[in-house]
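# Survey of secondary and tertiary structure
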Amino acid sequence: MATPFRCFILCVVLFNIVGCDHGLAPPDEPAVGSIEGVIHYNIASWPPADTFFDLRFVALPFVPRDSTDLLSDLNALVISPGLRLGVATDTFQIAQVNVGTYVYNGVAQQFGPGLLDWRPVGLYEDNGGIFLVRPNETTQIEVIVDFNVLPPFPPPP
Amino acid sequence: MYRSLFLLVWGCWLAASVHAQSGTVIGTVVERDGGPLPGVNVIIEGTTRGAATNIAGYFEINNVAAGPQRVLATAIGYHAEAASILVRAADTVRVNLVLTPQTLSTDEVVITAARREQLLQSVPLSLSVLPAEALEARPIISLDDALRYVSGVQMADNQVNIRGSSGFSYNTGSRVLLLLDGMSLLSPDSESISYESLPLAQIERVEVVKGPGSALYGSSALGGVINVITKDFPSEPELDIRMFGGVYMPVRYQSWRRTWNDADIPRPIGGANVTYAHQLSDQFGYWLNVAHRYDAGHLNFKQERSTDIYAKFRWRLSPSLHLTTLSGWTRRKADAFLYWNGLDDPLNPGNLGFADNTSNDSPNGTNDNLTDRVMLHLGVSHVVHPSFFYSVKGRIFSALIRPLDEEKEPRSVDDGTLGFRYGGEVQLNWSPSSDQFLTAGFSGDALATQSSFFQEADAPPLIRSQPEAGAFAQWEQMLGSSLNLVAGVRYDVYQIDAGNTEQKVSPKLNVAYSLSERLALRGSYGQGFRVPSLAERFINNQSFFPIVLNLDLQPELSEGYEVGVRGNTTISSWGIVTLDVAAFSTNYRRLVEPTFVPEERAFQFVNLIRARIKGLEAEVAFTAFNDRLQIHAGYTLLDAVDRETNRALVFRSKHLLKAGISSQLVGPIELGIDARFASEFERVDTDFARFVPDADVVSPIQVVDVRIAAHVSRYRIALFARNIFDYYYVERPAILAPPRSLLFQITRSF
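Residues numbered from 1 in each chain as written. Chains lettered and ligands numbered in written order. Predicted model: local features only at pLDDT ≥ 70, side-chain atom pairs only at ≥ 80, totals over all residues. Heavy atoms only, no water.

## Focus on the packing of aromatic side chains
Residue and element names in this part refer to chain B. Tallying each qualifying case throughout the model produces 21 aromatic pairs over all chains. Summarising the aromatic geometry, the rings of Tyr 286 and Phe 313 are spaced 6.1 Å apart at their centres and angled 20 degrees between planes, so their arrangement reads as stacked. Taken together, the positions of Tyr 286 in strand β19 (residues 284-295) and Phe 313 in strand β20 (residues 304-318) put the pair 27 residues apart, joining distant regions of the chain. On the accessibility criterion, Tyr 286 (15% relative accessible area) is buried. Here the aromatic cluster, defined as three or more aromatic residues joined through ring pairs, consists of Tyr 276, Phe 284, Tyr 286, Phe 313 and Trp 315. Stacked on the ring of Phe 750, the Lys or Arg Arg 748 has its end atom at 4.3 Å from the ring centre. (Phe/Tyr/Trp six-rings, centres within 6.5 Å; stacked < 30°, edge-to-face > 60°. Helix = DSSP H or I, 4+ residues; strand = E, 2+ residues; numbered from the N terminus. Buried < 20%, exposed > 50% of the residue type's maximum accessible area, 1.4 Å probe, protein only. Lys NZ or Arg CZ within 6 Å of the ring centre and 35° of its normal.)

Structure follows, in structure tokens:
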């Protein structure tokens with residue numbers, strides 16, 4: 001019976017080793033802040049509602065070269081809830097935003113069903129278009145959208 | 001003082017009275033030829049009384065309680081033998097027992113290696129067998145649960161990976177061929193495997209061939225073949241009812257539970273299986289298997305419910321001619337959890353792009369479907385002569401997948417997938433002499449699938465098809481009593497698009513050399529290939545990811561070499577050790593990977609990878625006390641390299657270890673422990689992590705399952721703790737594997 005006994009002891013030892021490791025765990029809470037924004041629209045410039053599949057405020061920590069670039073790091077995008085259509089002014093709030101510098105920010109319109117069918121319709125332009133999100137602070141921004149004067153996309157180098 | 005004296009007197013009286021109420025059992029244990037058997041364990045069942053036979057086969061057991069008793073004699077290599085006796089007080093009873101030699105477990109018969117029955121010991125390639133006992137002892141709810149216990153096999157959620165062949169390809173295009181009694185069960189659209197849709201209670205064994213196997217089986221046997229062999233029919237009617245129920249325990253981290261209310265309570269799982277089998281006469285036998293299962297899932301939107309009905313019939317039209325049918329229908333309603341919402345919220349599915357993410361609405365990290373599968377397998381076998389028989393088989397396997405609407409009702413088939421795999425084969429087996437075998441045949445199959453995933457939005461339904469035909473031959477030649485040579489080749493031709501055909505010739509060469517009855521060397525060479533599934537070629541969809549079709553996909557190719565040794569030895573008279581060691585190397589070309597193609601602005605399945613996977617595998621098993629103690633361990637070392645970049649191949653672990661103990665040493669109680677370990681993936685695909693948060697998070701796997709069971713009358717009652725240490729890990733990117741779960745199972749045999 002010596003062999004089974006040794007196996008039993010080995011099992012107990014292995015159990016102890018294995019039992020001490022719990023595997024994956026929640027990551028440390030990242031430092032976060034929030035964004036509050038006001039969007040002013042040129043009310044006369046609104047296109048027909050059926051040309052909008054979606055409308056959001058989007059903040060990027062990088063300047064995209066084209067819409068494919070958006071896919072290259074989709075997880076880095078900060079995205080507001082859907083915005084209202086046909087209004088003169090709208091507001092939004094985004095909580096739990098990772099702290100950092102956001103360099104390309106604005107309102108984006110989804111004009112088709114595809115994941116890449118997006119274009120900017122108005123950019124945040126204060127402070128060179130750049131804002132910071134600081135830990136536990138709220139960053140206030142304003143964006144002006146005129147659908148008759150769309151910003152160039154991809155942005156000029 | 002008086003108290004001690006009283007106890008002493010009482011103890012003496014008790015001992016004397018026991019002695020007075022007991023008798024002695026003597027006798028001999030011999031072989032069938034009358035030769036004495038020394039070292040045989042002889043016990044009085046249900047007691048601790050026992051003895052071992054001496055060199056003359058004689059034993060003597062004293063102080064056996066008076067009354068009816070059963071004497072049980074066990075020895076390694078022999079069938080156990082029992083005798084009922086009546087022991088009278090102060091008397092001696094004589095009992096003589098004859099043991100018959102037992103076929104050692106290493107003499108298991110397998111069928112997959114050569115498309116004919118042969119002894120496992122003489123198989124010239126790596127093949128693992130999961131017998132029915134191993135399936136019944138464990139909490140096997142679907143086949144992938146069982147495959148996780150096989151050495152060299154790693155599951156990536158529901159995708160099987162034999163010796164690193166598969167990695168993870170988003171459940172599309174299996175590089176391992178799954179057969180049910182020789183019939184392919186790969187789905188006709190994506191060629192994925194549905195592990196839960198099998199008659200688990202009627203599985204005789206599962207054979208796992210490791211290494212390329214296209215020389216006998218054609219496409220998809222790129223990395224190996226899994227053949228599920230169903231049971232034959234018992235002479236006496238057998239009815240088994242099995243019910244199980246249990247729960248996934250809540251995860252320990254409150255931060256993971258906070259975004260899903262149901263995460264705070266145990267999530268139920270349960271089901272029932274009824275199976276009946278009977279050989280009605282020499283001419284007719286059948287079994288039926290009905291199963292229902294509900295799984296609330298350990299993740300939000302991972303609920304599923306399934307019902308399976310399987311039946312097998314056999315008519316012996318004459319002693320040499322029989323017809324077999326195997327048919328099945330399964331229905332599965334399931335939320336398919338595709339990817340998590342990040343490591344800080346792994347219990348909820350994530351969202352792609354800009355959609356809102358709440359735990360109340362169905363996000364696009366899930367895909368809810370109602371799936372119906374129907375299969376029918378017809379086979380005729382005719383033994384023309386003791387040395388020659390042939391079989392003719394026909395098969396059809398269909399899958400209907402319909403997405404569910406918000407009310408959880410199935411939508412039209414035009415919004416889903418309807419596919420058929422159908423065909424047949426003829427196989428001849430001829431043995432011109434006892435040391436020569438010829439196995440040859442031809443087959444024709446076709447896939448025809450209509451899927452909303454294969455067409456542009458709002459376009460009419462489109463049927464995609466893929467006919468295929470093949471012919472194979474294999475010659476086995478024994479040279480003397482020790483050397484076995486096997487040479488085979490298969491020719492396949494596929495029409496992968498209108499007017500576009502592919503051909504493939506797949507040779508194999510095996511050598512086995514028996515150094516003794518218990519030790520055999522082997523060497524093998526084989527090729528494998530896999531024609532991309534219809535889904536990989538034609539999928540064109542934006543619903544979950546932007547994916548575009550690729551009509552230029554080429555078949556994947558593999559070429560493998562292996563040398564190995566398999567042997568066994570007895571330890572004293574009570575145990576046997578078996579050992580299998582193999583060194584292998586497989587080269588892969590044109591492996592298909594889903595890759596983000598910038599110019600397409602979408603994912604696409606492309607022939608991308610040239611790889612080499614080499615490694616070592618060692619399996620050792622120890623069986624003792626007439627199989628009542630079983631210990632096994634298997635270790636696999638993998639060196640998987642992407643030869644284009646010279647980096648590690650994605651989604652492969654370098655080290656795999658499986659180990660387990662099963663014991664029935666204490667009365668009717670069974671105890672078992674199974675452990676599986678895998679090192680962290682050497683590398684992961686970062687394209688997926690562009691879309692899904694923390695999809696590049698990986699972990700080692702360290703899972704231990706424990707079970708305890710008891711046989712009481714005709715009941716078997718079992719309690720299982722799966723992942724008992726509540727270890728959190730991922731088998732594939734962005735899906736947390738199940739936490740600790742507890743299951744209770746009761747089986748009644750009639």
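So much for the structure itself; the text now carries on.
## Brief notes about the domain arrangement of chain B
Residue and element names in this part refer to chain B. By domain assignment, chain B separates into domain 1 (2-99), domain 2 (105-225) and domain 3 (226-260 + 305-479 + 492-749). Using C-alpha coordinates to define each centre, domain 1 is positioned 50 Å away from domain 3. Across the contact, six residues belong to domain 1 and seven residues belong to domain 3. For the pair domain 1 and domain 3, the summed buried area comes to about 550 Å², and 53% of that belongs to carbon and sulfur atoms. At the junction of domain 1 with domain 3, the criterion picks out zero salt bridges. Across the contact surface, domain 1 and domain 3 share zero residue pairs in polar contact (both at pLDDT 80 or more). For the side of domain 1 that touches domain 3, a count of residues per class yields four nonpolar, two polar and no charged. (Domains from an automatic or database assignment. Contact = heavy atoms within 4.5 Å. Buried area = accessible area lost by both parts, 1.4 Å probe. Salt bridge = Lys/Arg side-chain N within 4 Å of Asp/Glu carboxyl O. Polar contact = N/O pair within 3.5 Å; in protein donor to acceptor, adjacent residues only side chain to side chain. Nonpolar A, V, L, I, M, F, W, Y, C, P; charged D, E, K, R; others polar.)

## Overview of the sheet that holds strand β10 (residues 127-131) of chain B
Residue and element names in this part refer to chain B. With mixed pairing, the five strands of this open sheet are ordered in space as β10-β15-β16-β13-β14. Looking along the sheet, the strands with just one partner apiece sit at the ends: β10 and β14 (183-184). When strand β13 (residues 176-180) meets β14, the two strands line up antiparallel, connected through two bridges. Pairing of Leu 180 across the sheet is with Met 183, part of β14. (Pairing = 2+ DSSP bridges.)

## Here we look at the confidence of the model for chain B
Residues and elements named next belong to chain B. Per-residue confidence for chain B gives a mean pLDDT of 86, with 92% of residues at or over 70. With pLDDT under 50 throughout, residues 4-9 is counted as low confidence; its partners more than four residues away or in other chains account for zero contacts. Between residues 11-19, whose pLDDT stays under 50, and residues either more than four places distant or in other chains, the model counts one contact. (pLDDT = per-residue confidence, 0-100.)

## Some details on the nonpolar core
Core analysis: the largest hydrophobic core is formed by 50 residues, its most contacted members being B:Leu127, B:Leu143, B:Leu147, B:Val160, B:Val206 and B:Ile226. Ranked by residue count, the leading element in this core is β13(B), at five residues. Residue-level mapping places this core at the junction of two domains, with at least three residues from each of domain 2 (105-225) and domain 3 (226-260 + 305-479 + 492-749) of chain B. For B:Leu143, the residues in contact, after removing those within four places along its chain, are B:Leu178, B:Tyr195, B:Leu198, B:Leu200, B:Val206 and B:Val228. Counting 39 residues, the second largest nonpolar core, distinct from the first, contains A:Leu74, A:Leu77, A:Tyr104 and B:Phe688. (Core = buried A, V, L, I, M, F, W, Y, C linked by side-chain atoms within 4.5 Å.)

## With respect to the environment of B:His711
All names here are of chain B. You can see His 711 is positioned in strand β37 (residues 701-712). Given a relative accessible area of 37%, His 711 falls into the partly exposed group. For the pair His 711 and Pro 199, spaced 512 residues apart in sequence, the C-alpha separation works out to 23 Å. Those residues in contact with His 711 that lie beyond four places of it in its chain are Pro 668, Glu 670 and Arg 716. Within polar-contact distance, the side chain of His 711 engages the side chain of Glu 670 at 2.6 Å.

## Looking at the pairing of β10(B)
Residues and elements named next belong to chain B. A large share of β10 lies buried, amounting to four of its five residues. In this structure, β10 lies alongside strand β15 (residues 203-210), joined through five bridges in antiparallel fashion. Within β15, the residue paired with Val 129 across the bridge is Glu 207.

## Comments concerning the sheet that holds strand β6 (residues 81-87) of chain B
Adjacent strands of a sheet form backbone hydrogen bonds with each other and so pair up, either parallel or antiparallel. All names here are of chain B. The strand order across the open sheet formed by four strands is β3-β2-β5-β6, and the pairing between neighbours is antiparallel. The sheet is open, and its two edges are formed by β3 (50-52) and β6, each paired on a single side. Taken over all neighbouring pairs, the strand axes of this sheet differ in orientation by 20 degrees on average, direction set aside. Pairing of strand β5 (residues 67-74) with β6 involves seven bridges; the strand directions are antiparallel. Looking across to β6, one finds that Ala 73 is bridged to Glu 81. (Axes fitted to C-alpha atoms, helices over the stretch in contact; angles between N-to-C directions.)

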